[in-house]
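Single-letter residue listing:
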Amino acid sequence: MQQLIRQIQEYESRSELLEPGMDERKFLLNKMGSWANQFIDKLPDAKAYNPKTADRESLNIGENTKSIEEIINLLEEEVAETGIKPASGGHLGYIPGGGVFSAALGDFLAAVTNEYAGVSYASPGGVAIENALINWLKHIFCFPETAVGNLASGGSISNMIALTAARDKYRVKNENIRRSVIYLSVQVHHCIQKSLRIIGLEDVLIRYVPLDEEYKMNIVALEEQILSDKKEGLNPYLIIASAGTTDTGAIDPLEAIATIARENNLWFHVDAAYGGFFILTSKKDLFKGIEKADSLVVDPHKGMFLPYGIGAVLVKDARAVQHAHLYEANYMQDALLEEWSESPANVSPELSKHFRGLRMWIPLQLHGIKPFIACLEEKLLQVQYMRMRLRDLGFLTGPEPQLSVSFFWYPSGGEENEFNRKLLNNMHEDGTVFFSSTLLNGKFVIRIAILSFRTKIKTLNKALSMISNSLNRTIKEMNG
Ligand SMILES: *Cc1c(COP(=O)(O)O)cnc(C)c1O
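Residues numbered from 1 in each chain as written. Predicted model: local features only at pLDDT ≥ 70, side-chain atom pairs only at ≥ 80, totals over all residues. Heavy atoms only, no water.

Let's hear about the nonpolar core: which residues, and what values?
Of all hydrophobic cores here, the largest spans 64 residues; its most connected members are Leu137, Phe141, Leu222, Ile239, Phe268, Val270 and Ile290. Ignoring sequence-local partners within four residues, the contact set of Ile290 consists of Phe141, Phe143, Ala243, Leu254, Val270, Ala272, Ile279 and Leu296. (Core = buried A, V, L, I, M, F, W, Y, C linked by side-chain atoms within 4.5 Å. Buried < 20%, exposed > 50% of the residue type's maximum accessible area, 1.4 Å probe, protein only. Contact = heavy atoms within 4.5 Å.)

Rendered as structure tokens:
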């Protein structure tokens, strides 16, 4: 016995480092806090992109420990200074991220308290916070109180939860799979196709509905296709619309699609991962019909400028979600089932999970929604400003953007794709501001996606002078 106690105490003293005392905690907080503060202060002048890759060797886990100073140095040099800087306002590529400071601190507290926010009885308060956020989202999108929802890690998992619910409601399984039909456009985010593979629906029939000249789903073609599929004896069951496509920010005609879905008894899913929160702005009308969706995805780590790792899904038919995600459903009593959707673990593939709601709840409590809405309005105007200034520089711009994503290209004559690709390369080499590109009907265009809360007029002016320099360089290179 004595021997056992001595051994335990021996290990106790060796594992003590895992629980630093107050002084050590203050020291670490201070070091990391000052680095975080400097990082933020340096952002306006830092490059948004550095093509340098990380020295992987230096990041490996070795025998020796490092001091907090060494660790911060590594983070600075090998992580913060390599690749894209998503926290920078100069990130205008893909869909920019956020990183609101109060949300970051929320994450810190979530990790310190480590609330078990997947299960209601384990963390009644934590789960109540997540459900309060879900209810707030239902309110914004005019979803009924009876809808269920989940705060997932992002848009991809959120879409997967919704597509799984649609699958189960329509019993798309076994021999049914090959005759079931999904309607979407080529502009849906690729996580949709990925989800379908993951949930066993690789072999469903996918109809790519043609687009109009604004890259929105052509509803006449959609309806014709559904009717002809029905005539063939197939099982049309799901329409997937986008409210803000990744490529061009287009919003599909939601109201019309909702009507077609209802008349044909199809599930109507809306992926609003990027665009959803613009419903809070002057663009509200573009989202008419979104409230008629059977399921909806929105990404607070995009449109609410929160750090990566929070998406949300809402689904009206709770039973459809239950089938795949409520494991106890088979043997639990009905009394318990009434409250089943309270616990995030019953609405998601996750059990233990990060208490991610806190990073959204704290900023909303602390700042209110108004500054978020102002910021979204700012993004809408900023893209207009960029388009005007780009046209002044001789660029052509895509159709009037619905939200804050647009695209442009230089009409160089000759090999336009090659010219614009070269131009983007030169812009990347500069790196002051980061842009990405896409192919639209085989045409190479440079995308401009404004969604960072740190993008300011000053950032855009910097972007414009970078573009202008890179353009001159490209013209010289292509001629010489
Ligand atoms: C970003 C995005 C996704 C994927 O979401 P993640 O949060 O990156 O997993 C899905 N759909 C749309 C429209 C998006 O913009």
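Describe the pattern of salt bridges, listing the residues and the values that go with them.
When the charged atoms of two side chains with opposite charge come close together, those side chains can pair. Considering all chains together, one arrives at 20 salt bridges under this definition. With a shortest N-O distance of 3.2 Å, Lys42 and Glu76 are connected by a salt bridge. With Lys42 in helix α2 (residues 22–42) and Glu76 in helix α4 (residues 68–80), this residue pair connects regions lying 34 residues apart in the sequence. Residue Glu76 is classed as buried on the basis of its relative accessible area of 19%. (Salt bridge = Lys/Arg side-chain N within 4 Å of Asp/Glu carboxyl O. Helix = DSSP H or I, 4+ residues; strand = E, 2+ residues; numbered from the N terminus.)

Which residues make up the environment of Leu137, and what are the values?
By secondary structure assignment, the location of Leu137 is in helix α6 (residues 124–140). When its relative accessible area of 0% is taken as the criterion, Leu137 is described as buried. The spacing of Leu137 and Gly149 is twelve residues in sequence and 9.0 Å in space, taken between C-alpha atoms. Not counting the four nearest positions on each side in its chain, Leu137 is found in contact with Phe277, Val298, Ala312, Leu314 and Met360.

For the side chain of Arg356, give the residues involved together with the corresponding values.
Tracing the backbone shows Arg356 in the loop between α13 (334–337) and α14 (358–367). A distance of 2.9 Å separates the side chain of Arg356 from the backbone oxygen of Leu151, its partner in a polar contact. (Polar contact = N/O pair within 3.5 Å; in protein donor to acceptor, adjacent residues only side chain to side chain.)

Hey, could you go over the packing of aromatic side chains for me, with residue numbers and the actual values?
The geometry of an aromatic ring pair comes down to the distance between the two centres and the angle between the two planes. This model, assessed by the stated rule, comprises 13 aromatic pairs. Centre to centre, the rings of Trp35 and Phe39 are 5.6 Å apart; their planes meet at 45 degrees, and the pair counts as tilted. On the criterion of helical spacing, the pair formed by Trp35 and Phe39 is a turn pair, its members being four residues apart in helix α2. According to the relative accessible area criterion, Phe39 is partly exposed, its value standing at 23%. Judged by centre distance (5.4 Å) and plane angle (25 degrees), the ring pair of Tyr410 and Phe419 falls under stacked. One aromatic cluster is present, built from ring pairs that chain together Phe395, Phe408, Tyr410, Phe419 and Phe435. (Phe/Tyr/Trp six-rings, centres within 6.5 Å; stacked < 30°, edge-to-face > 60°.)

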